[in-house]
Amino acid sequence: MKLSSILLIVNTLLLIVIWVFTGIKYAELPDIIPTHFDFQGNVDGESGKGTIWLLPCIASFIHLLFIGATRDPNSPMLNVPQSFRNKERLELYLFFLQLPVMILFLDIIVESIRITEGKQIELSDAVFFILGLLFAMVGVFLVRCIKESITKKSND
(Lines give C-alpha, C1' and ligand atoms only; values in the text may rest on other atoms or scores of the structure.)
Protein backbone atom coordinates (compact mmCIF):
# COMPACT_ATOMS: atom_id res chain seq x y z
CA MET A 1 0.00 0.00 0.00
CA LYS A 2 1.33 3.43 -0.96
CA LEU A 3 2.22 5.95 1.74
CA SER A 4 -0.23 8.45 0.26
CA SER A 5 -3.05 5.89 0.61
CA ILE A 6 -2.15 5.31 4.24
CA LEU A 7 -2.12 9.06 4.87
CA LEU A 8 -5.52 9.40 3.20
CA ILE A 9 -6.93 6.69 5.46
CA VAL A 10 -5.41 8.29 8.57
CA ASN A 11 -6.76 11.72 7.59
CA THR A 12 -10.21 10.26 6.93
CA LEU A 13 -10.18 8.47 10.29
CA LEU A 14 -9.17 11.70 12.03
CA LEU A 15 -12.05 13.49 10.32
CA ILE A 16 -14.47 10.79 11.49
CA VAL A 17 -13.12 11.09 15.05
CA ILE A 18 -13.62 14.88 14.89
CA TRP A 19 -17.28 14.46 13.87
CA VAL A 20 -18.02 11.63 16.31
CA PHE A 21 -16.36 13.33 19.29
CA THR A 22 -18.17 16.60 18.57
CA GLY A 23 -21.47 14.76 18.20
CA ILE A 24 -21.04 12.85 21.45
CA LYS A 25 -20.10 15.94 23.46
CA TYR A 26 -22.57 18.38 21.86
CA ALA A 27 -25.58 17.54 24.06
CA GLU A 28 -23.56 18.10 27.25
CA LEU A 29 -22.30 21.55 26.24
CA PRO A 30 -23.72 24.69 27.83
CA ASP A 31 -25.42 27.28 25.61
CA ILE A 32 -22.25 29.43 25.52
CA ILE A 33 -18.84 27.89 24.76
CA PRO A 34 -15.33 29.29 24.27
CA THR A 35 -14.64 29.82 20.57
CA HIS A 36 -11.64 32.14 20.43
CA PHE A 37 -8.31 32.14 22.24
CA ASP A 38 -5.43 34.61 22.57
CA PHE A 39 -1.77 33.71 22.00
CA GLN A 40 -1.40 32.56 25.60
CA GLY A 41 -4.29 30.10 25.15
CA ASN A 42 -6.74 32.08 27.29
CA VAL A 43 -10.37 32.33 26.23
CA ASP A 44 -11.10 35.75 24.74
CA GLY A 45 -14.29 35.00 22.83
CA GLU A 46 -17.43 32.95 23.32
CA SER A 47 -20.36 31.98 21.12
CA GLY A 48 -23.38 29.74 21.10
CA LYS A 49 -22.73 26.03 21.30
CA GLY A 50 -23.82 25.52 17.69
CA THR A 51 -20.55 27.10 16.56
CA ILE A 52 -18.73 23.94 17.68
CA TRP A 53 -19.85 22.43 14.35
CA LEU A 54 -17.87 25.01 12.40
CA LEU A 55 -14.52 23.26 12.88
CA PRO A 56 -15.73 19.82 11.71
CA CYS A 57 -17.29 21.52 8.67
CA ILE A 58 -14.03 23.34 7.84
CA ALA A 59 -12.04 20.12 8.37
CA SER A 60 -14.41 18.29 6.00
CA PHE A 61 -14.07 21.04 3.39
CA ILE A 62 -10.26 20.85 3.56
CA HIS A 63 -10.37 17.05 3.32
CA LEU A 64 -12.58 17.12 0.23
CA LEU A 65 -10.58 19.97 -1.29
CA PHE A 66 -7.31 18.07 -0.97
CA ILE A 67 -8.84 14.90 -2.39
CA GLY A 68 -10.27 16.89 -5.29
CA ALA A 69 -6.98 18.66 -5.93
CA THR A 70 -5.23 15.35 -6.53
CA ARG A 71 -7.63 14.39 -9.33
CA ASP A 72 -5.91 16.64 -11.90
CA PRO A 73 -2.24 17.31 -11.09
CA ASN A 74 -1.94 19.50 -14.20
CA SER A 75 -4.74 21.85 -13.21
CA PRO A 76 -3.80 25.52 -13.58
CA MET A 77 -5.58 26.09 -10.24
CA LEU A 78 -2.75 24.28 -8.40
CA ASN A 79 0.21 26.40 -7.45
CA VAL A 80 2.79 23.65 -7.20
CA PRO A 81 6.12 23.17 -8.98
CA GLN A 82 6.25 21.12 -12.14
CA SER A 83 7.95 18.27 -10.26
CA PHE A 84 4.80 17.89 -8.12
CA ARG A 85 2.55 17.62 -11.16
CA ASN A 86 2.18 13.88 -11.04
CA LYS A 87 -0.59 12.16 -9.12
CA GLU A 88 1.51 10.18 -6.65
CA ARG A 89 3.75 13.04 -5.64
CA LEU A 90 0.87 15.51 -5.34
CA GLU A 91 -1.13 13.07 -3.21
CA LEU A 92 1.84 12.52 -0.93
CA TYR A 93 2.41 16.27 -0.56
CA LEU A 94 -1.22 17.19 0.08
CA PHE A 95 -2.05 14.29 2.39
CA PHE A 96 1.14 14.88 4.41
CA LEU A 97 0.17 18.54 4.67
CA GLN A 98 -3.36 17.65 5.70
CA LEU A 99 -2.27 15.43 8.60
CA PRO A 100 -1.20 18.18 11.03
CA VAL A 101 -4.23 20.25 9.97
CA MET A 102 -6.60 17.43 10.99
CA ILE A 103 -4.69 16.89 14.23
CA LEU A 104 -4.90 20.63 14.92
CA PHE A 105 -8.67 20.70 14.40
CA LEU A 106 -9.13 17.68 16.65
CA ASP A 107 -6.94 19.19 19.36
CA ILE A 108 -8.75 22.53 19.30
CA ILE A 109 -12.15 20.85 19.54
CA VAL A 110 -11.07 18.54 22.36
CA GLU A 111 -9.41 21.33 24.33
CA SER A 112 -12.31 23.75 23.78
CA ILE A 113 -14.72 21.16 25.16
CA ARG A 114 -12.39 20.39 28.08
CA ILE A 115 -12.27 24.11 28.90
CA THR A 116 -16.06 24.27 28.73
CA GLU A 117 -16.27 21.28 31.08
CA GLY A 118 -13.85 22.97 33.52
CA LYS A 119 -11.20 20.26 33.07
CA GLN A 120 -8.60 22.78 31.88
CA ILE A 121 -8.43 26.57 31.94
CA GLU A 122 -6.57 27.39 28.72
CA LEU A 123 -5.34 25.83 25.49
CA SER A 124 -2.21 23.77 25.96
CA ASP A 125 1.02 24.27 24.10
CA ALA A 126 0.07 21.35 21.86
CA VAL A 127 -1.56 23.82 19.47
CA PHE A 128 1.74 25.64 18.97
CA PHE A 129 3.62 22.35 18.59
CA ILE A 130 1.16 21.20 15.90
CA LEU A 131 1.38 24.56 14.11
CA GLY A 132 5.18 24.29 14.26
CA LEU A 133 4.95 20.82 12.75
CA LEU A 134 2.73 22.16 9.96
CA PHE A 135 5.14 25.01 9.15
CA ALA A 136 8.11 22.61 9.30
CA MET A 137 6.43 20.32 6.79
CA VAL A 138 5.70 23.24 4.46
CA GLY A 139 9.33 24.35 4.87
CA VAL A 140 10.69 20.90 3.99
CA PHE A 141 8.59 20.76 0.84
CA LEU A 142 9.60 24.31 -0.12
CA VAL A 143 13.28 23.51 0.30
CA ARG A 144 12.83 20.39 -1.84
CA CYS A 145 11.08 22.44 -4.51
CA ILE A 146 13.83 25.06 -4.53
CA LYS A 147 16.55 22.40 -4.73
CA GLU A 148 14.76 20.69 -7.62
CA SER A 149 14.35 24.03 -9.39
CA ILE A 150 18.05 24.83 -9.00
CA THR A 151 19.04 21.34 -10.16
CA LYS A 152 16.79 21.59 -13.19
CA LYS A 153 18.17 25.02 -14.16
CA SER A 154 21.75 23.81 -13.86
CA ASN A 155 20.98 20.76 -16.02
CA ASP A 156 19.44 22.95 -18.77
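Residues numbered from 1 in each chain as written. Predicted model: local features only at pLDDT ≥ 70, side-chain atom pairs only at ≥ 80, totals over all residues. Heavy atoms only, no water.

A. The pattern of salt bridges, seen in detail. Across all of its chains, the model carries 5 salt bridges by this definition. Glutamate 28 serves as the salt-bridge partner of lysine 25, at 3.9 Å between the closest nitrogen and oxygen. According to the relative accessible area criterion, lysine 25 is buried, its value standing at 17%. We classify glutamate 28 as exposed; its relative accessible area is 54%. Note that glutamate 91 is salt-bridged to lysine 87, the shortest N-O span being 3.4 Å. Note that glutamate 91 and lysine 87 are positioned in helix α3 (residues 87-116) at a spacing of 4 residues, about one turn of the helix. (Salt bridge = Lys/Arg side-chain N within 4 Å of Asp/Glu carboxyl O. Buried < 20%, exposed > 50% of the residue type's maximum accessible area, 1.4 Å probe, protein only. Helix = DSSP H or I, 4+ residues; strand = E, 2+ residues; numbered from the N terminus.)

B. A look at the packing of helix α1 (residues 3-26) against helix α2 (residues 54-69). It is the contact of α1 with α2, at a shortest axis distance of 10 Å, that shows an interaxial angle of 160°. By the angle between their axes, α1 is roughly antiparallel relative to α2. When the axes of α1 and α2 are compared, the crossing they make is left-handed. Residues Leu8, Asn11, Thr12, Leu15, Ile18, Trp19 and Thr22 of α1 touch α2, and the partners they reach there are Pro56, Cys57, Ala59, Ser60, His63 and Ile67. (Axes fitted to C-alpha atoms, helices over the stretch in contact; angles between N-to-C directions. Parallel < 35°, antiparallel > 145°, perpendicular 65-115°, else oblique. Left-handed = near helix turned anticlockwise from the far one by under 90°. Contact = heavy atoms within 4.5 Å.)

C. A look at the nonpolar core. Counting 29 residues, the largest nonpolar core has Ile18, Tyr93 and Met102 as the members making the most contacts within it. At the level of elements, α1, α2, α3 and α4 (126-155) are the ones that each hand at least two residues to this core. The biggest single contributor to this core is α3, with 12 residues. If we skip the residues at most four places from it in the chain, isoleucine 18 touches Pro56, Ala59, Met102, Phe105, Leu106 and Ile109. Phe37, Ile115, Leu123 and Ile130 belong to the second largest nonpolar core, which has 6 residues in total. (Core = buried A, V, L, I, M, F, W, Y, C linked by side-chain atoms within 4.5 Å.)

D. Structural detail: the pairing of strand β2 (residues 43-48). Pairing of strand β1 (residues 32-37) with β2, which is carried by 5 bridges, proceeds in the antiparallel orientation. Residue pairing in the sheet places isoleucine 33 in a bridge with serine 47 of β2. Hairpin connection from β1 to β2: 5 residues lie between these consecutive antiparallel strands, with glycine 41 at a positive phi of about 90°. (Pairing = 2+ DSSP bridges.)

E. The arrangement of the confidence of the model for the protein chain in detail. Across the protein chain, the average pLDDT comes to 88, with 99% of residues at 70 or higher. Put simply, α4 is where the protein chain has its lowest mean pLDDT, 83, and α1 is where it has its highest, 95. (pLDDT = per-residue confidence, 0-100.)

F. Quick look at the packing of α1 against α3. At a minimum axis distance of 9 Å, the contact between α1 and α3 shows a crossing angle of 20°. By the angle between their axes, α1 is roughly parallel relative to α3. Between α1 and α3 the crossing geometry is left-handed. Taken together, the residues of the contact of α1 with α3 sort by class into 20 nonpolar, 4 polar and 2 charged. (Nonpolar A, V, L, I, M, F, W, Y, C, P; charged D, E, K, R; others polar.)

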